[in-house]
Amino acid sequence: MEVIQPTSLAEALDLLASADRPLTPVAGGTDVFVGWHGVDKDGLRLLDLSRLSELRRMRLTEDSLELGGLSTYWQVIESSEVTQAFPLLSESARLIGAIQIQTRGTWAGNIGNGSPAADGVVVMMAYDATVVLQSREGVCEIPLDEYYLDYKRSVRRADQLITAIRLPRRPRRVEWFEKVAARRVLAISKLGVAVVHDGHGWRVVANSVAPTVCRCRTLERALEEGRRFADPDEVLELLEPDISPISDIRSTEAYRRRVLSRILHFRFAEDGS
Ligand SMILES: Cc1cc2nc3c(=O)[nH]c(=O)nc-3n(C[C@H](O)[C@H](O)[C@H](O)COP(=O)(O)OP(=O)(O)OC[C@H]3O[C@@H](n4cnc5c(N)ncnc54)[C@H](O)[C@@H]3O)c2cc1C
């Protein structure tokens with residue numbers, strides 16, 4: 001195994017561009033090292049990003065929040081300005097692992113890992129985030145809801161790094177997040193859902209109910225039309241085209257359908273939406 005420690009973003013991008021064998025970026029390592037025992041370490045080459053201090057920056061302006069490629073959950077929790085501007089970020093961050101994970105784990109790593117259960121991805125997607133990908137060839141920005149191709153597969157090329165995540169700052173009429181897990185902390189989601197309504201419309205985003213974190217677009221369209229729901233089964237009918245939950249060690253597909261539709265029905269009735 002080889003660990004390479006660039007000291008600048010330019011050096012990291014050069015290394016990725018000229019690599020003849022895959023290089024695995026490591027930010028906080030809280031996902032990479034979980035699978036450590038099962039990994040074939042012989043050919044493994046790790047690109048340690050931790051010295052790229054330029055990626056740690058978090059910038060809140062009137063128009064947007066920019067999370068750097070190394071911004072951690074803790075940075076968000078600690079910032080009252082960011083928490084006020086994007087409350088669901090802090091809410092989800094507080095439910096991710098425990099303090100040790102929150103201080104090491106990054107928002108970009110949560111995206112990069114591509115887990116369908118990712119709690120950070122749900123709220124960032126609900127806030128209409130875009131992912132900034134940088135390589136030696138240049139920079140491109142992709143909506144987070146177009147980033148995943150399938151389970152753990154994304155549009156990111158091997159020579160690109162996630163250098164930032166941008167969240168637009170807009171007035172919102174509705175914003176909430178629910179995580180359902182075996183306990184309140186240190187537990188991976190059985191399912192989660194974040195709902196935002198702003199000037200660009202509704203976004204209903206769920207985790208652990210499809211191969212990737214997903215938008216429930218059929219339900220979103222019904223909400224745009226002003227539909228009200230008499231019972232959870234009406235909500236479930238509108239979720240079905242966009243979700244495909246499975247049964248695994250954390251939950252069953254029936255539970256996931258049932259609880260997701262009930263939470264949404266309850267919250268929509270409560271919010272008067
Ligand atoms: C005990 C424990 C509890 C946890 N609880 C939760 C939880 O409740 N909810 C949850 O969602 N997650 C949880 N996680 C998972 C993990 O902490 C998060 O996904 C975290 O955000 C990963 O960030 P990281 O910086 O540690 O990523 P890393 O482990 O460094 O990287 C993760 C992946 O992203 C890639 N990557 C990282 N940074 C970049 C970048 N800048 N550009 C391109 N690719 C990149 C890496 O190559 C790797 O594939 C938990 C993990 C542990 C160990």
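As a starting point, this report considers the structure included with it.

Scoring rules and cut-offs
Residues numbered from 1 in each chain as written. Predicted model: local features only at pLDDT ≥ 70, side-chain atom pairs only at ≥ 80, totals over all residues. Heavy atoms only, no water. Helix = DSSP H or I, 4+ residues; strand = E, 2+ residues; numbered from the N terminus. Polar contact = N/O pair within 3.5 Å; in protein donor to acceptor, adjacent residues only side chain to side chain. Pairing = 2+ DSSP bridges. Contact = heavy atoms within 4.5 Å. Axes fitted to C-alpha atoms, helices over the stretch in contact; angles between N-to-C directions. Near = heavy atom within 4 Å. Areas by Shrake-Rupley, 256 points an atom, 1.4 Å probe, with all protein chains shown as cover. Nonpolar A, V, L, I, M, F, W, Y, C, P; charged D, E, K, R; others polar. Phe/Tyr/Trp six-rings, centres within 6.5 Å; stacked < 30°, edge-to-face > 60°. Buried < 20%, exposed > 50% of the residue type's maximum accessible area, 1.4 Å probe, protein only. Salt bridge = Lys/Arg side-chain N within 4 Å of Asp/Glu carboxyl O.

### Concerning the side chain of serine 90
One can find serine 90 in helix H4 (residues 87–94). Within the local environment of serine 90, its side chain forms a polar contact with the side chain of threonine 83, the two groups lying 2.7 Å apart.

### Regarding the sheet that holds strand S12 (residues 191–198)
The sheet built from four strands is open, its strands ordered S11-S12-S13-S14 with antiparallel pairing. Lying at the two open borders of the sheet, with one neighbouring strand each, are strand S11 (172–180) and strand S14 (214–215). Examined bridge by bridge, S11 and S12 share eight bridges and lie antiparallel to one another. Across the sheet, residue tryptophan 176 finds its bridge partner in S12, namely valine 195. The sheet contacts of H4 involve S11 and S12, and relative to S11 the element is tilted by about 5 degrees. The strands touched by helix H7 (residues 119–126) within the sheet are S11, S12, strand S13 (201–207) and S14, with S13 carrying the most contacts at an inclination of about 170 degrees.

### Some points on the site of the ligand
In the vicinity of the ligand, 32 residues are found, and the nearest of them are Pro25, Thr30, Asp31, Tyr73 and Thr106. Contacts to the ligand include valine 32, whose backbone N or O atom sits 2.8 Å from an oxygen atom. The contact in question runs from a nitrogen atom of the ligand to an N or O atom on the side chain of aspartate 119, over 2.7 Å. In isolation the ligand exposes 980 Å². Once the protein is present, 88% of that is buried. Among the secondary structure elements, those contributing two or more residues to the shell around the ligand are strand S2 (24–26), helix H6 (107–113) and strand S10 (161–168). For the shell around the ligand, the element with the most residues is H6, which contributes four residues. Of the residues contributing to the shell around the ligand, the split by class is 16 nonpolar, twelve polar and four charged.

### A word on the packing of aromatic side chains
Using the criterion set out here, one finds six aromatic pairs in the structure. A centroid spacing of 4.7 Å and a plane angle of 65 degrees characterise the contact between tyrosine 73 and tryptophan 107, whose relative ring orientation is edge-to-face. Residue tyrosine 73 is located in helix H2 (residues 73–78), and its partner tryptophan 107 is located in helix H6; the two are separated by 34 residues in the primary sequence. A relative accessible area of 3% means that tyrosine 73 is categorised as buried.

### Some words on the pattern of salt bridges
The tally for this structure, following the rule as stated, stands at 23 salt bridges. Here arginine 215 ties to aspartate 145 by a salt bridge, and the two come within 2.7 Å at their closest N and O atoms. Residue arginine 215 is found in strand S14, and its partner aspartate 145 is found in the loop between strand S7 (138–143) and strand S8 (148–150); the two are separated by 70 residues along the sequence. On the basis of relative accessible area, arginine 215 is assigned to the buried category, the value being 15%. Ionic pairing is found between glutamate 270 and arginine 267, a salt bridge with its closest N-O pair at 3.4 Å. You can see glutamate 270 and its partner arginine 267 sitting in helix H10 (residues 253–271), three residues apart, about one turn around the helix. The network of salt bridges with common partners includes Arg57, Arg59, Glu66, Glu141 and Arg166.

Such coordinate-based values are descriptive only and should not be taken to indicate function.
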